[in-house]
Amino acid sequence: MATIHLTLAPLLILAAVLLSTEVTAQPAAPAPGPAGPINITAILEKGGQFATLIRLLNTTQVGNQINIQVNSSSEGMTVFAPTDNAFQNLKPGTLNKLSHDDQVKLILYHVSPKFYTLDDLVSVSNPVRTQASGRDGRVYGLNFTSQGNQVNVSTGVVETRVNNVLRNERPLAIYVVDMVLLPEEMFGENKVSPAAPGPKSNSPDVSDDSEKAGAPSEKSGSVEMKAGLGFGLGLVFLCLKFIV
């Protein structure tokens, strides 16, 4: 019996060595590859309440601009994303009345060419520049205030709070807002077009009236002349009567 145990011992040791070699020889799990390029519409689709914003990002091509810039810029970007309810709360026809260029400008007004955390927005210097600008090249800005941990954003026309964080990782931050951010330069009450010159009045000028009132009319002059001639002829006939 002792001889059998001595014979099996080397075999057991050899089997243990082979098993340990096989386990260590297995390849390690592959390291995760680099993350793919950022796609803003894909992120919004996962949010589930941004159908109108996604449509506008596509029709205005602003979505492609964001994707290109955010994947190549070292500054990153910040997007304020109005929900579908925010668009529904606009006055009827607000979007339809805008030209294509103004729709582009409106969407660009929700995009800042820099990455901001919520803490950054609390202490940032106002106004914060956006991607929108006027025909004169002046950049449209947003103003941020805070009350405790709450951050509010104001355009001069509307004010709302920055609600949920949809994404807050460099290089792209996306914050949810419950109102469409309407720039004062486009929707402000003081934005009025220059008044067109009114039609020229058909009534005569005051100076013309005064001149006409002071100048004797041709008709009145002729009457006075005829009256004078009649009076002179009457005197001549009277004199001739006395002579005869």
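Refer to the preceding data block for the structure.
Residues numbered from 1 in each chain as written. Predicted model: local features only at pLDDT ≥ 70, side-chain atom pairs only at ≥ 80, totals over all residues. Heavy atoms only, no water.

Novice: I tried to follow the sheet that holds strand β4 (residues 139-147) on my own but got confused; where do I start?
Specialist: Backbone-to-backbone hydrogen bonds join strands into a sheet, with any given pair of strands oriented parallel or antiparallel. Reading across the sheet, the 7 strands line up as β2-β1-β7-β6-β5-β4-β3 and stay open at both edges, with mixed pairing between neighbours. The sheet terminates laterally at β2 (111-112) and β3 (128-133), the two strands that pair on one side only. Packing against the sheet, helix α4 (residues 62-70) makes contact with β1 (77-82), β2, β3 and β7 (172-177), and its axis sits at approximately 150° to β1. Taken strand by strand, helix α6 (residues 100-108) contacts β2, β3 and β4, and its axis lies near 165° from that of β3. (Pairing = 2+ DSSP bridges. Helix = DSSP H or I, 4+ residues; strand = E, 2+ residues; numbered from the N terminus. Contact = heavy atoms within 4.5 Å. Axes fitted to C-alpha atoms, helices over the stretch in contact; angles between N-to-C directions.)

Novice: What is the right way to read the packing of aromatic side chains from this model?
Specialist: Where two aromatic rings form a pair, the distance of their centres and the angle of their planes describe that pair. In the structure shown here, the tally under the stated rule is 3 aromatic pairs. Ring centres of Tyr109 and Tyr140 lie 6.3 Å apart, and the angle between their planes is 75°; this geometry places the pair in the edge-to-face category. Separated by 31 residues along the polypeptide, Tyr109 in the loop between α6 and β2 and Tyr140 in strand β4 bring together distant segments of the chain. One exposure class covers both Tyr109 and Tyr140, and it is buried. These aromatic residues form a ring-pair network of at least three members: Phe80, Phe144 and Tyr175. (Phe/Tyr/Trp six-rings, centres within 6.5 Å; stacked < 30°, edge-to-face > 60°. Buried < 20%, exposed > 50% of the residue type's maximum accessible area, 1.4 Å probe, protein only.)

Novice: Even after reading the chapter, I still don't get the pattern of salt bridges, so can you show me in this structure?
Specialist: Side-chain pairing between opposite charges can occur once the charged atoms of the two side chains come close. This structure, assessed with the given rule, holds 2 salt bridges. Of the charged contacts, one joins Asp102 and Lys105 as a salt bridge, the two residues approaching to 3.8 Å between their closest N and O atoms. Residue Asp102 and its partner Lys105 are both found in helix α6; the two are separated by 3 residues, about one turn of the helix. The residue Arg138 makes a salt bridge to Glu185 at a minimum N-O spacing of 3.6 Å. A residue pair is termed long-range when its members are at least 10 positions apart, and Arg138 in the loop between β3 and β4 and Glu185 in helix α8 (residues 184-187) qualify at 47 residues. With a relative accessible area of 47%, Arg138 lands in the partly exposed category. (Salt bridge = Lys/Arg side-chain N within 4 Å of Asp/Glu carboxyl O.)

Novice: Mind showing me how you'd approach the packing of helix α3 (residues 51-59) against α6 here?
Specialist: When two helices pack together, their arrangement is given by the angle between their axes and by how far apart the axes lie. Where α3 meets α6, the axes come as close as 10 Å, and the angle between the chain directions of the two elements is 120°. Accordingly, the angle class assigned to the pair α3 and α6 is oblique. Crossing geometry of α3 relative to α6 is assigned as left-handed. Residues Leu53, Leu56, Leu57 and Thr59 of α3 form the contact with α6, whose own contacting residues are His100, Gln103 and Ile107. For the contact of α3 with α6, a count of residues per class yields 4 nonpolar, 3 polar and no charged. (Parallel < 35°, antiparallel > 145°, perpendicular 65-115°, else oblique. Left-handed = near helix turned anticlockwise from the far one by under 90°. Nonpolar A, V, L, I, M, F, W, Y, C, P; charged D, E, K, R; others polar.)

Novice: Please explain the pairing of β7 as it appears in this structure.
Specialist: Residues in a regular strand project their side chains so that they alternate between the two faces of the sheet. In terms of residue burial, β7 counts as a mostly covered element, since 6 of its 6 residues are buried. Burial along β7 is two-sided: the face carrying Leu172, Ile174 and Val176 and the face carrying Ala173, Tyr175 and Val177 are both buried. Judged from the 6 bridges that link them, β1 and β7 form a sheet pairing that is parallel. From the neighbouring strand, Ala81 faces β7, where its bridge partner is Val176. In terms of strand pairing, strand β6 (residues 159-169) meets β7 through 5 bridges, oriented antiparallel. Each bridged residue has a counterpart across the sheet, and for Glu169 the counterpart in β7 is Leu172. What sits between β6 and β7 in their antiparallel hairpin is a turn of 2 residues.

Novice: I tried to follow the nonpolar core on my own but got confused; where do I start?
Specialist: Inside soluble globular proteins, nonpolar side chains tend to come together where they are buried. By size, the foremost hydrophobic cluster in this structure holds 50 residues, and its most contacted members are Leu44, Leu53, Ile66, Phe80, Phe144, Leu172 and Ile174. Once you skip the residues sitting within four places of it in the chain, Phe144 turns out to touch Phe80, Leu121, Val124, Asn126, Val128, Val151, Asn152, Val153 and Val162. (Core = buried A, V, L, I, M, F, W, Y, C linked by side-chain atoms within 4.5 Å.)

Novice: So what exactly am I meant to see when it comes to the environment of Tyr140 here?
Specialist: A residue is classified by how much of its surface remains accessible, and Tyr140, at 6% relative accessible area, is buried. With 15 residues separating them in the primary sequence, Tyr140 and Thr155 have C-alpha atoms 9.1 Å apart. Not counting chain neighbours up to four residues away, the residues in contact with Tyr140 comprise Lys105, Tyr109, Val128, Arg129, Thr130, Ala132, Ser133, Gly134, Pro183, Glu185 and Met186.

Novice: When you look at unusual backbone geometry in this model, what are you seeing that I'm missing?
Specialist: As a rule of thumb, non-glycine residues mostly have phi less than zero, and peptide bonds are mostly trans rather than cis. Here the amide bond leading from Asn126 into Pro127 is cis, since omega sits at -5°, within 30 degrees of zero. Even without glycine at this site, Gln61 takes up a positive phi of about 70°.

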